[in-house]
Amino acid sequence: MAEVLRPEMLDISSNDNTSSLASSTELLHVLAVDDSMVDRKFIERLLRVSSCKVTVVDSATRALQYLGLDGENSSVGFEDLKINLIMTDYSMPGMTGYELLKKIKESSAFREIPVVIMSSENILPRIDRCLEEGAEDFLLKPVKLADVKRLRDSLMKAEERAFKNMMHKRDLEANDLYSQLKRAKI
Amino acid sequence: MDTLIAQLQRQFRDYTISLYHQGFLDDQFTELKKLQDECSPDFVAEVVTLFFEDCEKLISNMARALDQTGNVDFKLVGSSVHQLKGSSSSVGAKRVKGLCVTLKECCDSQNFEGCVRCLQQVDIEYKTLKAKLQDLFNLEQQIVQAGGRIPQVDI
């Protein structure tokens, strides 16, 4: 007589490589972009103190290079690049933070990554424009520890929700398979 | 009887409070101190050092631009003062930041005399702050060398 397979025993392995912060001890990896040396040092420390892994670059161009979006590199080696958040200054020489935001949202590989714009100027049309383009948030400089904590908490919640949804989906698939097997009287 | 450590700590506390009350420093400097700990014990000193380097570089750029008599690039001066305003804001250099605001206004209205005067003030102000912070850091060092702890100062 065939052994009755319970749903929990079925291994529905997913091809989805979603790494989950809820189940792992991975830190949030933040890419910070700012042309000011003082601000780079400051944001790096803010993020480290908030238990984030940080990569800091001094221009939008370098950010694109890092992400492999500058057209010079193929996507080799960038599949493993896991960035959870991009924080960029708005006013930078060359490419602005706004232009960087647009480039990221145009990329299929990185458009899901939340992008936060930082600016020392409280200009409403600027803020609107950034949010319309898909910015996750707009922070007034100098950025506060509380701002970073709030961001990190909301990102962790989003990841946890994604993880829970994935697990729920697996449960449903397992249950579905179990029902099929039962009907087939295996 | 007051020990050396207690004396130094009192000096440190009083000096810190005076820097805030006289408007040299604001809240943001307090935020910087919060980010300093045993893992990063020189964080504040490192950031302000970068700031003073910024001051030197940007002020020199602006002075050069203002020196081009008859052909002053006010856009350049404007973007330099914007940068300086940003970094002074990030470290809590309240007076320097205030002067940057004034300088920016002179620049926007292409007020040459105003720019020159203001830039001189910015130069004096950052050097004053630099000296005062050096005194503050020296006091910290003295406390530590005497075997004491640097007191937390609530403004």
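Residues numbered from 1 in each chain as written. Chains lettered and ligands numbered in written order. Predicted model: local features only at pLDDT ≥ 70, side-chain atom pairs only at ≥ 80, totals over all residues. Heavy atoms only, no water.

Inspection of the entire model under this criterion finds 18 salt bridges over all chains. For K34 of chain B, the salt bridge identified is with E31 of chain B, shortest N-O distance 3.0 Å. Here K34 of chain B and its partner E31 of chain B are both found in helix 2 (residues 27-34), three residues apart, which amounts to about one turn of the helix. Among the charged side chains, a network of salt bridges with common partners joins D34, D39, D89 and K141 of chain A. (Salt bridge = Lys/Arg side-chain N within 4 Å of Asp/Glu carboxyl O. Helix = DSSP H or I, 4+ residues; strand = E, 2+ residues; numbered from the N terminus.)

Looking now at the layout of surface pockets. All names here are of chain B. Approximately 930 Å³ is the volume attributed to the largest pocket. Counting residues per element, the ones that place at least two in the lining of the largest pocket are helix 1 (4-21), helix 2, helix 3 (43-67) and helix 6 (112-145). Residue contributions to the lining of the largest pocket peak at 10 residues, all from helix 6. Its residues assigned to classes, the lining of the largest pocket comprises 15 nonpolar, nine polar and nine charged. (1 Å grid on protein atoms, 1.4 Å probe; cavity = no way out; pocket = protein on both sides within 12 Å on 5 of 7 lines; lining within 4 Å. Points joined across faces, edges and corners; volume = space filled by probe spheres on them. Nonpolar A, V, L, I, M, F, W, Y, C, P; charged D, E, K, R; others polar.)

This part covers the UniProt feature "domain: HPt" (unreviewed entry) in chain B. When the UniProt feature table is mapped onto this chain numbering, "domain: HPt" (unreviewed entry) sits at residues 40-147 of chain B. Helix makes up 85% of residues 40-147 of chain B and strand 0%, and the two end C-alpha atoms of the span are 19 Å apart. (UniProt positions renumbered as here; feature names shortened; annotations may be inferred.)

The pLDDT averaged across chain B works out to 95; a share of 99% of its residues lies at or above 70. Here the prediction assigns the complex a pTM of 0.84, and the interface score ipTM is 0.93. (pLDDT = per-residue confidence, 0-100.)

What follows deals with the packing of aromatic side chains. For the structure on display, the rule yields three aromatic pairs over all chains. Here Y20 of chain B and F29 of chain B contribute two aromatic rings whose centre-to-centre distance is 6.5 Å and whose plane-to-plane angle is 65°, an arrangement assigned as edge-to-face. You'll find Y20 of chain B and F29 of chain B in the same group, each marked buried. Among the aromatic residues, those joined into a ring-pair cluster are F51, F52 and Y126 of chain B. When the ring centre of F43 of chain B is taken as origin, the NZ or CZ atom of R45 of chain A, which lies over that ring, is 5.9 Å away. Here R95 of chain B stacks its cationic end above the ring of F24 of chain B, 4.0 Å away from the centre of that ring. (Phe/Tyr/Trp six-rings, centres within 6.5 Å; stacked < 30°, edge-to-face > 60°. Buried < 20%, exposed > 50% of the residue type's maximum accessible area, 1.4 Å probe, protein only. Lys NZ or Arg CZ within 6 Å of the ring centre and 35° of its normal.)

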